[in-house]
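# Observations on the model geometry
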Amino acid sequence: MCHLQAMVTHVDGLISRIPQYKKAWCMQGVQAAWRLGRWDLMDEYLSGAEEDGLVCSSSESNASFDLNVAKILQAMMKRDHFSVAEKIALSKQSLIAPLAAAGMDSYMRAYPFVVKLHFLRELEDFHSLLGDDSFLEKSFHLDDQAFSKLVDNWDNRLRFTQSSLWAREPLLAFRRLVFGASSLGAQVGNCWLQYSKLCRLAGHYETANRAILEAQASGAPNVHMEKAKLLWSTRRSDGAIAVLQQSLLNMPVEVLGSATMSSITSLSLVPLNPQPIVCESQALNENRDIAKTLLLYSRWTHYTGQKQKEDVISLYTRVRELQPKWEKGYFYIAKYCDEVLGDARKRQEENFEHGPRLVPSATVAVGSSNSNGERRWWSYVPDVLLFYAKGLHRGHKNLFQALPRLLTLWFDFGSMYQRSGSSNKDLKNVHGKVMSILRGCLKDLPTYHWLTVLPQLVSRICHQNEEIVRLVKLIITSVLCQYPQQGLWIMAAVSKSTVPSRREAAAEIIQAARKGFSPGSKENSLFVQFATLIDHLIKLCFHAGQSRAKTINLSTEFSSLKRMMPLGIIMPIQQSLTVNLPTYDGNLGDSRMSNIFSTTDLPTISGIADEAEILSSLQRPKKIILLGSDGLEHPFLCKPKDDLRKDARMMEFTAMINRLLSKYPESRRRKLYIRTFAVIPLTEDCGMVEWVPHTRGLRQILQDIYITCGKFDRQKTNPHIKQIYDQCQGKMPEDEMLKNKILPMFPPVFHKWFLTTFSEPAAWFRARVAYAHTTAVWSMVGHIVGLGDRHGENILFDSTSGDCVHVDFSCLFDKGLQLEKPELVPFRLTQNMIDGLGITGYEGIFLRVCEITLSVLRTHRETLMSVLETFIHDPLVEWTKSHKSSGVEVQNPHAQRAISNIEARLEGVVVGVGAAPSLPLAVEGQARRLIAEAVSHKNLGKMYIWWMPWF
């Protein structure tokens, strides 16, 4: 509001100071005048804008659209219906040409024009509702059916617009005028609140504050929530909590319950389970608002540590009682109890380090509110599991965080129960409760929930605890019965495992799932086909081929595989194996069977090309082409002697990161994402990878450019470099050798690839931006998970878009630091990588995107940790070469170290690079520090020679 008034003042001042530009000033003034509803001013500016005069061309298009809007409003007030229709038509016409031009480029460019058309449409709707009356004279009520229908329609339309300030602000301003003219204060206030939220998210805190004051003045409900969130965003947490506390204390006691009241005022300690007070007098909607306030208050007091544990639990419990169907309430209390459990477990296990471990009888007296000793950590397990499960039953917004955590906790508790024996009665009770909760989950949760965690379930089918194994087998069987296609691809690696116990368990599950289908059915034959296909593919992976041959003729050497075609098995490509969550509504019945894959009929395998290409690298992987029922060719790489299970889990993790990047406004606007592809392990040491088309490795690209400029010779250059390395060893520091002897031989040339591949200027620019974006995102994600081995063959570039694609994730979780020549840099940012970023180097887009990605990862660190923890507990993922997978599960000490490293990085500590332990840094500091480590010649000079720090 204030900035609009300031704008009017400015315009008036400019008109009197620099009158020759009066037309331009009036055009700007009109925008503020109609938003403020100052009609006299608007008329005055409109007539000024009609006069001839000089115009500044820069902000022409927006100003001229606002002029049209003002003229339409003016005509509405004068009841000039013909003129209104004519002006709307003219405005639309003036938008069509620029819309068509921008639409050729991208929807993003065309979007502002689409929003303007959206706005005109609403003007039109409102005009037809006015009938013969003038805009300001007729007032509406919400119980007027036509008007309330229009308002509902407007609300739905607003939901579809991009949630950014520039897109929604004019729409909200117009609504304020309409509601204001009918003196509907609460609705006007609601528009101000929405506007305030947009300003807050865009970082315009002062404007947001003014909007909140306006909302308060017009009597909007729930102003306190927005006010508190604004204070919290500006780092005034005490103020934020105080605002919520005040608004809660003003609510009727019978709704909140007296126990909650005393928790809020915290004068007395309350018993853990207050009696729920049922109260019919408040409307359900108001209950919802109170629950929202209470939940936010509970989360913040817990975050800032202002209340005792019992108080926080009592607050969370009340939220659940107020809104028993609300998924969020359950999820947050589950998270809180989970933290309490983790904390208790850490303390209690430390105290037992000295005595015998896990002897349940020795209780630890830690001063807690009930002085007779603290609850054992495992006694919290049923609560936590139950809350997670109830939340999942009510919605799947937190599916990817809650379900993996629920399973990890269950498996952990199961192992502990197995180790400490079942002699303890309490422990046995808890175990019974836990098992019945999970049986309930199997019964009540939709199958697609389990499909999302199938790899985690499959990895635990040899758990020590037999009861758990039985239930896991039942869950997997139910998934296979409903999604046999996807399930079988994920199960492939275990069904052909080299470990007998795993193989037998898998066979038993598949057998049970087959029984669910009638003997002659399509699904039943699918299981048989599948087993044969996998056998053939494994044989193909390990097929040696003639010694110098470049291809394998499949029609002769694998004739039985050719004869199997066509198959009813789906093509194992990314979009067929990834779950798309259905939109969730309260009625679970119909969403269970809903279609959760991106397309309705997924392509199946209808044939295989006659020749397979043998690639020249060490293990001689084969490139095969599968023909799909969609008429497309899908190339795959069959890799022998390579455990792809880590790669498969890494792809799940990157899919998770893509979900987070698409939620956050800064990253969504830049369309930040990680390029993923399907990875299908077939056994412990071979598998298939979806071929990423149009890509070439960094090393090949650079080598070709250097050969054309005469800087590289296939026979001589590499031996020459090796010679320099050997001669200088011990005689001069590595960084000097790199700087003075080797880098001068290879001036950076990567920018040339962009010039030759993308010859049209706009395409070149787009490709370079895409390169900067994808490289930055990968650099940060790679550093967080400790991804090593980033040499020139593992970083590919897409010649159609400029995207950077990383492959080969066998060196995860800081394994690169354990090599004999440790990989000291956090990611690859060598001279050529910097050269591709253009004139600003890493100071421009690259640095900004690094900061955005880091802040997204750090904001959601709990979500990421819950997914990464499943990796750590995954006995399949080999940590070191020393222990091979055995029949039963093994605990790995490396895992714990990896987890704590990742946790530290997500808090801003620079770990793992050749840095002294640092204090937690802010996002900007962390990004700069990592880049400094990545480009430092000291680190690059110490790298393994064929990592090629000069490329």
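A brief look at the structure comes next. (Residues numbered from 1 in each chain as written. Predicted model: local features only at pLDDT ≥ 70, side-chain atom pairs only at ≥ 80, totals over all residues. Heavy atoms only, no water.)

### Considerations on the overall build of the protein
Keep this limit in mind: Only DSSP runs of H or I reaching four residues or more are called helices, and only runs of E reaching two or more are called strands; each is numbered from the N terminus. To sort residues, take the accessible area from a 1.4 Å probe on protein chains only and compare it with the maximum for the residue type: under 20% means buried, over 50% means exposed, and anything in between is partly exposed. In what follows, a contact means two residues having at least one pair of non-hydrogen atoms within 4.5 Å. Reported accessibility uses the Shrake-Rupley method at a 1.4 Å probe radius. Residues are deemed covered only where the shown protein chains occlude them.
Looking only at helices and strands, the protein features 43 helices and 10 strands. By the burial criterion, 53% of the 951 residues in the protein qualify as buried. Sequence separation of at least 24 residues holds for 71% of the intrachain contacts in the protein that already meet a minimum separation of 6. For the protein, the accessible area works out to roughly 43100 Å², and carbon and sulfur atoms hold 54% of it.

### A word on the sheet that holds strand β10 (residues 804-806)
Heads up, the condition is: A pair of strands counts as paired when DSSP detects no fewer than two bridges linking them. In this analysis, axes come from line fits to C-alpha atoms, helices being fitted only over the stretch in contact, and the angle between any two N-to-C directions falls in the range 0 to 180 degrees.
With antiparallel pairing, three strands are arranged side by side in an open sheet as β8-β9-β10. For this open sheet the edge positions go to β8 (695-697) and β10, each flanked by a neighbour on one side alone. The mean angle between the axes of side-by-side strands here comes to 35°, regardless of whether they run parallel or antiparallel. With three bridges joining them, strand β9 (residues 795-798) and β10 adopt antiparallel strand pairing. The residue of β10 that forms the bridge with L796 is V805.

### A few points about a positive patch on the surface
Defined as follows: For patch detection, residues must exceed 30% relative accessible area and be free of salt bridges, and they are connected within 9 Å for like charges or within 5 Å for nonpolar side chains (Val, Leu, Ile, Met, Phe, Trp, Tyr). Each salt bridge in this description consists of a side-chain nitrogen of Lys or Arg and a carboxyl oxygen of Asp or Glu lying within 4 Å of one another. By the counting rule applied here, Lys and Arg register as positive and Asp and Glu as negative, while His and the ends of each chain are not counted. The location of each charge is read from NZ of Lys, CZ of Arg, CG of Asp or CD of Glu.
Together, K197, R288, K292, K328, K397 and K663 make up a positively charged patch on the protein surface. Examined against the element boundaries, K292 turns out to sit in helix α15 (residues 284-304). Accessibility expressed as a relative area gives 36% for K292, which makes it partly exposed.

### Quick notes on the environment of S64
Counting through the fold element by element, S64 comes out in helix α4 (residues 60-77). A relative accessible area of 29% places S64 in the partly exposed class. Expressed as a C-alpha distance, the spacing of S64 and A49, which sit 15 residues apart in the sequence, is 9.8 Å.

### Digging into the packing of helix α7 (residues 145-160) against helix α8 (residues 165-181)
A pair of packed helices can be characterised by two numbers: the angle between their axes and the separation between those axes. To keep it simple, the criterion reads: By the definition adopted for this analysis, an angle is roughly parallel if under 35 degrees, roughly antiparallel if over 145, roughly perpendicular if from 65 to 115, and oblique otherwise. Left-handed describes a crossing whose near helix is turned anticlockwise from the far helix by less than a right angle; the clockwise case is right-handed. Under the convention adopted here, Pro, Cys and the residues Ala, Val, Leu, Ile, Met, Phe, Trp and Tyr are nonpolar, Asp, Glu, Lys and Arg are charged, and Gly plus all remaining residues are polar.
Between α7 and α8, the shortest axis-to-axis distance is 11 Å and the interhelical angle comes to 165°. With respect to their mutual orientation, α7 and α8 come out roughly antiparallel. Pair α7 / α8 crosses with left-handed handedness. Each of F147, V151, W154, D155, L158 and R159 in α7 lies in contact with α8, whose residues at this interface are R168, L171, L172, F174, R175, V178 and F179. Across the contact of α7 with α8, the residue classes break down as nine nonpolar, no polar and four charged.

### Let's talk about the environment of R79
By secondary structure assignment, the location of R79 is in the loop between α4 and α5 (81-105). The exposure class of R79 is partly exposed, given its relative accessible area of 43%. C-alpha separation for the pair R79 and L130, spaced 51 residues apart in sequence, amounts to 9.6 Å. If sequence neighbours within four positions are ignored, R79 has contacts with D132, D133, S134 and E137.

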